[in-house]
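Summary of the model geometry
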Amino acid sequence: MNLLRELFETLRAFVAAVGAVTLFLVRVLGQAPRALVRPGLIVDQVHNVGALSLVIIMTCGLFVGMVLGLQGYDLLQRFGSEDALGTGATLALLKELGPVVTALLFAGRAGTALASEIGLMRATDQLTAMEMMAVDPIRRVVAPRFLGGAIAVPLLTVIFISIGIFGVQLIGVQQFGVDTAAFWSQMRASVDMNDVLEGVIKGCVFGVACSLVAVYEGYTATPTPEGVGRATTRTVVISAVLTLILDYMLTAVML
Amino acid sequence: MTDASEADSIVEIRDVHYSVGDREIFSGLNMTVPRGRITAIMGPSGTGKTTLLRLITGQIKPDRGVILFDGHEVPRLKRRELYALRRRMGMLFQNGALLTDMDVFENVAFPLREHTDLPESLIRQIVLTKLQAVGLRGAVRLMPSELSGGMARRVALARAMATDPDLLIYDEPFAGLDPISMGMIVRLVRRMNNALGLTSIVVSHDVQELAELADMSYIISGGKVVAAGSFGELRAHNSQIVNQFLEGLPDGPVPFHYPAPDYYEQLLADREPETANTSTGTGS
Amino acid sequence: MRSTRAVEISTGLFVLLGFAALFFLVTQITNRDLSLNGGASYEVYAEFDNIGSLRPGAAVSMAGVTVGRVESIRFDQDIYKAVVRMRINSAYDRIPADSDASIMTSGLLGGQYVGLTPGGEDTYLADGDRIEFVQDALVLENLINQLVANFGRRDGRDDGSER
């Protein structure tokens, strides 16, 4: 009986959280047009979350691509189809690894930074001070960061994928001697626009989701050092879980 | 309770009730803030002084009661109207609450940039004037992290003044400052008020500084105003709590001991100490 | 102001890099150059008993050069055959009318495509024409069955000779 009540409470809290996040999203989107009036603020945030994540994204993209090259080659040469390496690895990068790994890295690098930055602004009364100066912190602080993240993630995703393909090529063609022409031509023959589109769409959705989680957790953080720390941790955990769940749903829809 | 004439009050609070969960913070609070004066709000820690400021500025809504700012009923305002009203209020936070990603200049310029389309040269002029008034014109390019507590508060004061508000609210402006900085802030509060003809509300528990500063004082305790008037009147007040507060006595109506079961019994008892189930005391 | 410029420059670089990557993906990874949406083209069709796993969008090639794409595939209930419509680039307007279309597989795991082998007639395929000579997709199961049957026979013989 007690367990049942606890379960019910948890469920209720979950539903309430979903509702709160949705309302928050509506509020942020409501302020987005007014935030767009000052693109400088958004540029700053694209810089903050995007340009600063660039190095880690490129490094990871290269290594993920190289691992794909090794594993893919090992797998395919058992069937004598090494030439399909380009196709297989590219599709894996485009459709899954690129968007998902980028989103996870973004959550870890930029999402936590966003959450703790906003949480600290809350803890040090900066958000309240803005409200007292009749400046809506949702418009001035949250919306630009949200939009910056939502813009940056798809861009980071395509960069990750491109570097990843380079990594695959490095291992497959340079090291194992897969025929360059076969590598590229097979890839071109079997990858089409829809596959690229799938990757980009996933990147956009994950960007919105991870940015939203980060700014929400930061904005609603308990204004104490522990509260900010907790918000940061929750940002990573929720972003990761949400990314993978969304990934399943998007894949199911788009496949 | 109020001896200032109603017509000349900028903030008026009537029978305000407010509670968080089961805890009642205000139960029938009445207060009037006279225009053009410095009003002090005092009280023991945890009596909800900051909560009161949040009520006045419309950050939270009372359960019951009326809060008027210059004739506008604050809790009933729509967001837009509330923001319009807040441009006429300036607030100084305990730690200054400067925006940490901007330097001093940009912090003071912030409300101007957000609310006006003034040309850069004019903004520069206003910002420098305000900073000159708080004696920090030389610190324009410092970041908030490079400022001392007292300097941060003076910058915050310059920022609060930037849009020339009618009402300035100081939340614990003296907390944690060395005597020199404290003296500077006291002088600034007084000078701002006299020179610019604005109204000030100072929330604090630094009795000495407030005695020097305030034209009108309120002492809040137990969710109500327990005493009001000038400092002379307060000192003549014969209620215990007022005496305890003004004299800084360790024990009195605000008890030294947090509510607990009987000490003697608890020491004698063999079992684990029970959680307090007494209902005495004024609460936290 | 210098820091603002630095922000703008690195953000700009980031965004441009992103678009460059997108451009790379769109142009280099996919066979966009074969999409015939823009250029002039004509349509022919062929009827197959079995198309294997041919899909719309697959390449139509001659001598290994892609000349068009599979536009649509549908099943015709009257003749119980798959009707494959192919869009051919108008640049290739001299494909003999008696050419034959066969469904081929590129590599063991590669996708399937339609290969055209030129015939000898002087008339050429034109819009709406039907390719008469077709060769169905090789169905892997059939191949394996043949293979297993062959091996089985040979193994049997080997066993016999060894004894």
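Residues numbered from 1 in each chain as written. Chains lettered and ligands numbered in written order. Predicted model: local features only at pLDDT ≥ 70, side-chain atom pairs only at ≥ 80, totals over all residues. Heavy atoms only, no water.

Attention now moves to the sheet that holds strand S6 (residues 112–117) of chain C. All names here are of chain C. Across the sheet, 8 strands lie side by side as S7-S1-S4-S3-S2-S6-S5-S8; this open sheet has mixed pairing. Looking along the sheet, the strands with just one partner apiece sit at the ends: strand S7 (130–131) and strand S8 (133–135). Pairing analysis gives 2 bridges linking strand S1 (residues 41–48) to S7, with the strands arranged parallel. Across the sheet, Ala46 pairs through a bridge with Ile131, a residue of S7. (Pairing = 2+ DSSP bridges. Helix = DSSP H or I, 4+ residues; strand = E, 2+ residues; numbered from the N terminus.)

Each partner contributes to the interface: chain B provides 21 residues, whereas chain A provides 19 residues. When chain B packs against chain A, close to 1,800 Å² is buried across both sides, 57% of that on carbon and sulfur atoms. Considering only the side of chain B, the residues that lose the most area to chain A are B:Tyr83, B:Phe93 and B:Glu114, jointly responsible for 28% of the buried surface there. At the junction of chain B with chain A, the criterion picks out 5 salt bridges. Across the pair A:Asp136 and B:Arg79 runs a salt bridge, and its minimum N-O distance is 3.7 Å. For the pair chain B and chain A, the number of links is 6 residue pairs in polar contact (both at pLDDT 80 or more). At the level of elements, helix H2 (79–86), strand S6 (89–92) and helix H3 (104–115) of chain B are the ones that each hand at least two residues to the side of chain B that touches chain A. With 4 residues, H3(B) is the largest single contributor of residues to the side of chain B that touches chain A. A breakdown of the residues in the side of chain B that touches chain A according to their chemical character gives 10 nonpolar, 5 polar and 6 charged. (Contact = heavy atoms within 4.5 Å. Buried area = accessible area lost by both parts, 1.4 Å probe. Salt bridge = Lys/Arg side-chain N within 4 Å of Asp/Glu carboxyl O. Polar contact = N/O pair within 3.5 Å; in protein donor to acceptor, adjacent residues only side chain to side chain. Nonpolar A, V, L, I, M, F, W, Y, C, P; charged D, E, K, R; others polar.)

Across the boundary between the two partners, chain C contributes 21 residues, which contact 31 residues of chain A. Interface area for chain C against chain A, summed over the two sides, is near 2,200 Å², with a carbon-plus-sulfur share of 78%. At the boundary of chain C and chain A, one finds 0 salt bridges. At the surface where chain C touches chain A, the tally comes to 1 residue pair in polar contact (both at pLDDT 80 or more).

Our next topic: the arrangement of the chains. Of all 2 pairs of chains in contact, the one with the most contacts involves chains A and C. For chain B and chain C, which are not in contact, the least C-alpha distance works out to 12 Å.

An α-helical turn contains 3.6 residues, so a residue and the one three or four places further along point in the same direction. At A:Leu93, helix H4 (residues 85–123) of chain A shows its largest kink, close to 50°. Following H4(A) by one or two positions, A:Asp125 has its phi on the positive side, about 65°. (Bend = angle between axes of the 7 residues up to and from the residue.)

On to the side chain of C:Ser61, then. As for its placement among the helices and strands, C:Ser61 is situated in strand S2 (residues 59–62). Setting aside residues up to four positions removed in sequence, C:Ser61 forms contacts with C:Thr66, C:Val67, C:Tyr113, C:Val114, C:Gly115 and C:Leu116.

All names here are of chain C. Counting buried residues along S1, 6 of its 8 residues qualify, which places the element largely inside the surrounding structure. Here 8 bridges tie S1 to strand S4 (residues 81–89), and the two strands are oriented antiparallel to one another. Bridge pairing in S4 links Ser41 to Asn89. (Buried < 20%, exposed > 50% of the residue type's maximum accessible area, 1.4 Å probe, protein only.)

The next point concerns the sheet that holds strand S1 (residues 9–20) of chain B. Residue and element names in this part refer to chain B. In spatial order, the strands read S2-S1-S4-S5; together these 4 strands make up an open sheet with antiparallel pairing. The sheet is open, and its two edges are formed by strand S2 (23–34) and strand S5 (72–73), each paired on a single side. Relative to S2, S1 runs antiparallel, the two sharing 9 bridges. Note that in S2 the partner of Val20 across the bridge is Arg23. The sheet strands contacting helix H1 (residues 49–56) are S1, S2 and strand S4 (64–69), and the helix crosses S1 at an angle near 120°. (Axes fitted to C-alpha atoms, helices over the stretch in contact; angles between N-to-C directions.)

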